[in-house]
Amino acid sequence: MKLSCKRIDFTYTPGEEIFTFPDDSGLPFIFDVEEELTGDPAAMDAVGKMLDEAEKLAEKAKAAIKAALADEDSPYHSLVTYFMQFHRDEVPPEIAAELFPGTDPSKLSFAEMVDFLKLKRFGSLVDDEMNQQVFIMDLSFNPEITDELLVIYFDLNQEIFCITHES
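I will try to describe carefully the structure that is included in this document. For clarity, every value in this text was computed on a predicted model and none was experimentally measured.

About the criteria used
Residues numbered from 1 in each chain as written. Predicted model: local features only at pLDDT ≥ 70, side-chain atom pairs only at ≥ 80, totals over all residues. Heavy atoms only, no water. Salt bridge = Lys/Arg side-chain N within 4 Å of Asp/Glu carboxyl O. Buried < 20%, exposed > 50% of the residue type's maximum accessible area, 1.4 Å probe, protein only. Helix = DSSP H or I, 4+ residues; strand = E, 2+ residues; numbered from the N terminus. Core = buried A, V, L, I, M, F, W, Y, C linked by side-chain atoms within 4.5 Å. Contact = heavy atoms within 4.5 Å. Patch = residues over 30% accessible without salt bridge, like charges linked within 9 Å, V, L, I, M, F, W, Y side chains within 5 Å. Areas by Shrake-Rupley, 256 points an atom, 1.4 Å probe, with all protein chains shown as cover. Lys, Arg positive; Asp, Glu negative; His and termini not counted. Charge placed at Lys NZ, Arg CZ, Asp CG, Glu CD. Expected span 1.5 Å × (residues − 1). Polar contact = N/O pair within 3.5 Å; in protein donor to acceptor, adjacent residues only side chain to side chain. Arc of directions from axis to C-beta.

Taken as a whole and judged by the stated rule, the model has ten salt bridges. Salt-bridge contacts for Asp9 lead to Lys2; the nearest nitrogen and oxygen are separated by 2.4 Å. As far as the burial class goes, Asp9 and Lys2 line up, both exposed. Two residues, Lys60 and Glu159, come together in a salt bridge whose shortest N-O distance is 3.5 Å. You can see Lys60 sitting in helix H4 (residues 54-70) and its partner Glu159 sitting in the loop between strand S5 (149-154) and strand S6 (160-166), a full 99 residues away along the chain. Lys60 sits in the partly exposed class, given a relative accessible area of 31%. For Glu159, a relative accessible area of 42% corresponds to the partly exposed category.

With 47 residues, the main nonpolar core has Ile65, Met84, Phe122 and Met137 as its most contacted residues. The element contributing the most residues to this core is H4, with seven residues. What Met137 contacts, discounting residues up to four positions off in sequence, is Ala54, Leu57, Ala58, Ala61, Leu119, Arg121, Phe122, Leu150, Val151, Ile152 and Phe154. Judged by nonpolar contacts, the second largest core, of five residues, contains Val134, Leu149, Val151 and Tyr153.

The next subject is a negative patch on the surface. Taken together, the side chains of Glu16, Glu17, Glu35, Glu36, Asp40, Asp45, Asp128 and Glu129 make up a negatively charged region of the molecular surface. Residue Asp40 is classed as partly exposed on the basis of its relative accessible area of 33%.

Before going further, it helps to spend a moment on helix H3 (residues 41-52). Its twelve residues give H3 an end-to-end C-alpha distance of 17 Å, which sits within 8% of 16 Å, the value for a rise of 1.5 Å per residue. If you check the start of H3, you find a side-chain oxygen 3.0 Å away from the backbone N of Ala42, and it comes from Asp40.

Attention now goes to helix H5 (residues 77-90). For H5, built from 14 residues, the straight-helix expectation of 20 Å at 1.5 Å per residue is met to within 8% by its first-to-last C-alpha distance of 18 Å. Taken residue by residue, H5 has His77, Val80, Thr81, Phe83, Met84 and His87 as its buried positions. Around the axis of H5, the buried residues are gathered within 160 degrees of arc, so they sit on the same side. Taken together, the buried residues of H5 touch H4, helix H6 (93-99), helix H7 (110-114), S5 and S6.

Fair warning: the whole summary comes from geometry, so function is off the table for now.
Take a look at the structure:
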């Protein structure tokens, strides 16, 4: 089957998981879709539409992270604050310099650090708790240096419903 997507010409096999690296897909990030969804044409239409919007969704995710940093009452405030603090203050200075090129990492605010996050992976799966299709986005400062991720979950309406920290 062919993915209904404007940005790439991509063929997949219904019922088989999609997991592709940038060199194979032509996308600037890892792209994956759970096998349960690849057999569902409506789900795959949603995947194509969301994939066309991946960078816009990444910017929406960054705005949500900045909002969580600014709002101490946000359920994600401590999580994103810890993530930023770890990368700025707890990694060796030479690593921090590689994560935030052209800056003095010690002088970066956490909100400024958000702009350095990059989209590492974008995909879709069926959320077990909600029993519905969701989209998942991994953001990282530099996946070649750190395996720490902020993971953003979107619903079918492109609304963020969860932010987690994973490694």
